[in-house]
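# Residue-level structural notes
The lines below spell out each chain.
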Amino acid sequence: MSQTILIEPNEDLRKIFSLNLNTFAGTDVIIRQSAEDAIQLLKILPTISLIICKNKIGAENTALRLVEHLKSEMLDIPLLVMGEVADISDRALCLPEPIAWEKLIQQAAKFLGVTPEELARRVKPDYVPMSLSYFYDITQTPCDVFIRIKKAPGEYQFVKRIHNKDVFDFNAIKKYEDQGLKEFYVQRDYQQYFTTFVTNSLVKKLERTDLSMEDRILTTAHSYDVVADQVIKIGMDQATVELADAGINSMIMSVKDSPQLAGLLKFLFTSKVSLAYQHCHLIAVMCQYILSKQSWYQPKHLEILSFVAFFSDITLKSNEQISINSDEDLRNSNLVDEERQAVITHARDAATLLERHPGANEYIKTVLMQHHGKMDGVGFNDCPGEELHPLSKVFVIADSFVKILLRPDKPSSKREILPILYAQYTNPSYQKIIKALEQKFQ
Ligand SMILES: [Fe+2]
């Protein structure tokens, strides 16, 4: 870690500067009272990376004295001065007072070689957003919960709305949603604590055997959204793995016992289930339809394909990304380069993500990798060949069916979707799979 000498006589400012220099610029701060004090230290510690000082302390012209010393000793240490000093601009950078700590840290970070990106990563806000999916299945929170109110452009105020241990229900959260609220906030220090509380509550609820079909699907959908949010925020940790497992098991339970497609669709569309989870659930349902018509079908096949349905598009952040199913869709989309790239590699990214999931076996990783018809998980194959794993072929057809079904600009009846699939997936084993789906619908 780099070392920075700080000479600031005001104790309060000294504390603020020192703490923030350490936290955000990642430097060890050594406090000195005066230029003379600092010079004594430089004699034994010439490896100091940066000096920050007041222009004047009492009768001492602190900055000027330090400039003279650095010049005479030919020490190449940057000097950042708080307050103006004439004629030292060739050897020091003076910041006019008053100085906001953010400005000082920004400048210090530049001298210390901390990049703006690194700095931005370290400067974390005090409150972190939590989407409403975290709140639907809990009846109290382990910490205070806030909403954010705009005071002026770029300026926000956080107002406490749910107190630690307050009891509330789904309808209370729903009211906020109906008013247009997208997320609550919790204090950053409580983020982990809050997330663990929510994931534990969701797992407990998903493991109940007395849930109605509707309640089960809704709770699974909220769990899916929480897993997706966690995967994007922090990757895959133990709590996320447990919640995903409980979600997949619950999804399998409801898929095995699925109502007719029309009824299921009506429920999914009217219950405000996220589009991402609609995809996921319906793909699992279609996989089950196809598998049930295969002579080789065993329950573990549905488990594998449900697992893949849960994770196949989880690294994609927007509905537009999730709806893309071909290179042509991608070309016609409004996505920016970064989003486009995420779509291209999402099959491979999902397989990589599952390296951190102990329950993900080789079949799961293979099908995930091949779920858009490419062996390497990069891009789309409009007419995949016979080299794909048999389970991947089932998944490709199920996924394509659902992608068409849920796109507002494409047909939404099975009678119209099946011919599109027959025309696109011309290889014999795919035709058989489409046939199986058709038989299931009859
Ligand atoms: Fe996908």
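What you are looking at is a predicted structure, and each value in this text was computed from that prediction instead of being measured.

Turning to empty space enclosed by the protein, a few remarks are in order. Summed over all chains, the structure comprises two cavities of 30 Å³ or more. In this structure, the largest cavity occupies an estimated 70 Å³ of space. Lining the largest cavity we find 13 residues, and of these Asn 325, His 372, Asn 381, Val 396 and Tyr 425 sit closest to its centre. Counting residues per element, the lining of the largest cavity draws most heavily on helix H18 (residues 390-406), which supplies three residues. Its volume calculated, the second largest cavity comes out at about 50 Å³. Looking at the lining of the second largest cavity residue by residue, the class counts come to six nonpolar, two polar and one charged.

This brings us to the coordination of the iron ion. Donor atoms from the polypeptide that bind the iron ion are Asp 313 (OD), His 346 (NE2), His 371 (NE2) and His 372 (NE2), placed at 2.1 to 2.2 Å. What the four donor atoms of the iron ion show is an angle range of 88 to 163° at the metal, which sorts the shape as irregular. Along the chain, the residues donating to the iron ion are arranged with the sequence spacing D-x32-H-x24-H-H. Taken together, the residues span a long stretch of sequence, with His 346 in helix H16 (residues 346-353) and His 371 in the loop between helix H17 (362-369) and H18 at a distance of 25 residues. In this pair, the class of His 346 matches that of His 371, namely buried.

A few words on the pattern of salt bridges. Using the criterion set out here, one finds 20 salt bridges in the structure. With a closest N to O distance of 3.4 Å, Asp 178 and Lys 174 form a salt bridge. With Asp 178 and Lys 174 both in helix H6 (residues 170-178), this residue pair falls four residues apart, about one helical turn. By relative accessible area, which is 52% here, Asp 178 ends up exposed. The class of Lys 174 is partly exposed, set by a relative accessible area of 26%. One network of salt bridges, in which partners are shared, links Lys 174, Glu 177, Asp 178 and Lys 272.

Taken as a whole, the largest pocket holds about 1,200 Å³ of empty space. What lines the largest pocket is a set of 43 residues, and nearest its centre among them are Ser 131, Leu 132, Ser 133, Asp 225 and Asp 229. Contributing elements (two or more residues each) for the lining of the largest pocket: helix H5 (116-122), strand S6 (127-131), H6, helix H8 (213-234), helix H11 (275-291) and helix H13 (319-323). In terms of residue count, H8 provides more of the lining of the largest pocket than any other element does, 10 residues in total. By residue class, the composition of the lining of the largest pocket is 22 nonpolar, nine polar and 12 charged. Shared between two domains, the lining of the largest pocket takes at least three residues from each, and those domains are domain 2 (125-206) and domain 3 (207-441).

To continue, consider the packing of H11 against helix H20 (residues 428-441). It is the contact of H11 with H20, at a shortest axis distance of 8 Å, that shows an interaxial angle of 95°. As far as their axial angle goes, H20 and H11 are roughly perpendicular. Contacts between H11 and H20 involve Met 286, Tyr 289 and Ile 290 on the former and, on the latter, Ile 433, Ala 436, Leu 437, Lys 440 and Phe 441. A class-by-class count of the residues in the contact of H11 with H20 yields seven nonpolar, no polar and one charged.

We note that the domain assignment places domain 1 (2-122), domain 2 (125-206) and domain 3 (207-441) within the protein. Put simply, the middle of domain 2 and the middle of domain 3, counted by C-alpha atoms, are 29 Å apart. Together domain 2 and domain 3 conceal approximately 1,700 Å² of surface at their shared face, both sides included; 59% is due to carbon and sulfur atoms. Interface area lost by domain 2 to domain 3 is led by Val 203, Lys 205 and Leu 206, which between them contribute 40%. Linking domain 2 to domain 3 there are three salt bridges. Residue Asp 215 pairs with Lys 205 through a salt bridge whose shortest N-O separation is 3.6 Å. Elements that contribute at least two residues to the side of domain 2 that touches domain 3 include exactly S6, H6 and helix H7 (191-206). By residue class, the composition of the side of domain 2 that touches domain 3 is eight nonpolar, five polar and six charged.

Here helix H19 (residues 414-424) has its buried residues at Ile 417, Leu 418 and Leu 421. Here the buried residues of H19 occupy an arc of 100° about the axis, which is enough to place them on one side. Those residues of H19 that are exposed and aimed more than 90 degrees away from the buried face are Arg 415 and Ala 423. Where H19 is buried, its residues contact H18 and H20.

Moving on to the nonpolar core. Counting residues in hydrophobic clusters, the biggest one holds 103 residues, and the most contacted among them are Phe 184, Met 286, Phe 310 and Phe 311. Here the element with the most residues in this core is H11; it accounts for 12 residues. Residues lining this core come from more than one domain, with at least three contributed by each of domain 2 (125-206) and domain 3 (207-441). Listed in part, the 23 residues of the second largest apolar core include Ala 35, Ala 38, Leu 41 and Leu 79.

What follows deals with the environment of Cys 94. Position of Cys 94 among the secondary structure elements: in strand S5 (residues 93-95). Measuring from C-alpha to C-alpha, the distance between Cys 94 and Leu 41 comes to 22 Å, with 53 residues separating the pair along the chain. If we skip the residues at most four places from it in the chain, Cys 94 touches Val 81, Gly 83, Glu 84, Val 85 and Ile 88.

Parameters and conventions
- Residues numbered from 1 in each chain as written.
- Predicted model: local features only at pLDDT ≥ 70, side-chain atom pairs only at ≥ 80, totals over all residues.
- Heavy atoms only, no water.
- 1 Å grid on protein atoms, 1.4 Å probe; cavity = no way out; pocket = protein on both sides within 12 Å on 5 of 7 lines; lining within 4 Å.
- Points joined across faces, edges and corners; volume = space filled by probe spheres on them.
- Helix = DSSP H or I, 4+ residues; strand = E, 2+ residues; numbered from the N terminus.
- Nonpolar A, V, L, I, M, F, W, Y, C, P; charged D, E, K, R; others polar.
- Donors = N, O, S within 2.8 Å, 3.2 Å for Na, K, Ca; no water.
- Tetrahedral: all angles 85-135°; square planar, octahedral: opposite > 155°, others 65-115°.
- Buried < 20%, exposed > 50% of the residue type's maximum accessible area, 1.4 Å probe, protein only.
- Salt bridge = Lys/Arg side-chain N within 4 Å of Asp/Glu carboxyl O.
- Domains from an automatic or database assignment.
- Axes fitted to C-alpha atoms, helices over the stretch in contact; angles between N-to-C directions.
- Parallel < 35°, antiparallel > 145°, perpendicular 65-115°, else oblique.
- Contact = heavy atoms within 4.5 Å.
- Buried area = accessible area lost by both parts, 1.4 Å probe.
- Arc of directions from axis to C-beta.
- Core = buried A, V, L, I, M, F, W, Y, C linked by side-chain atoms within 4.5 Å.

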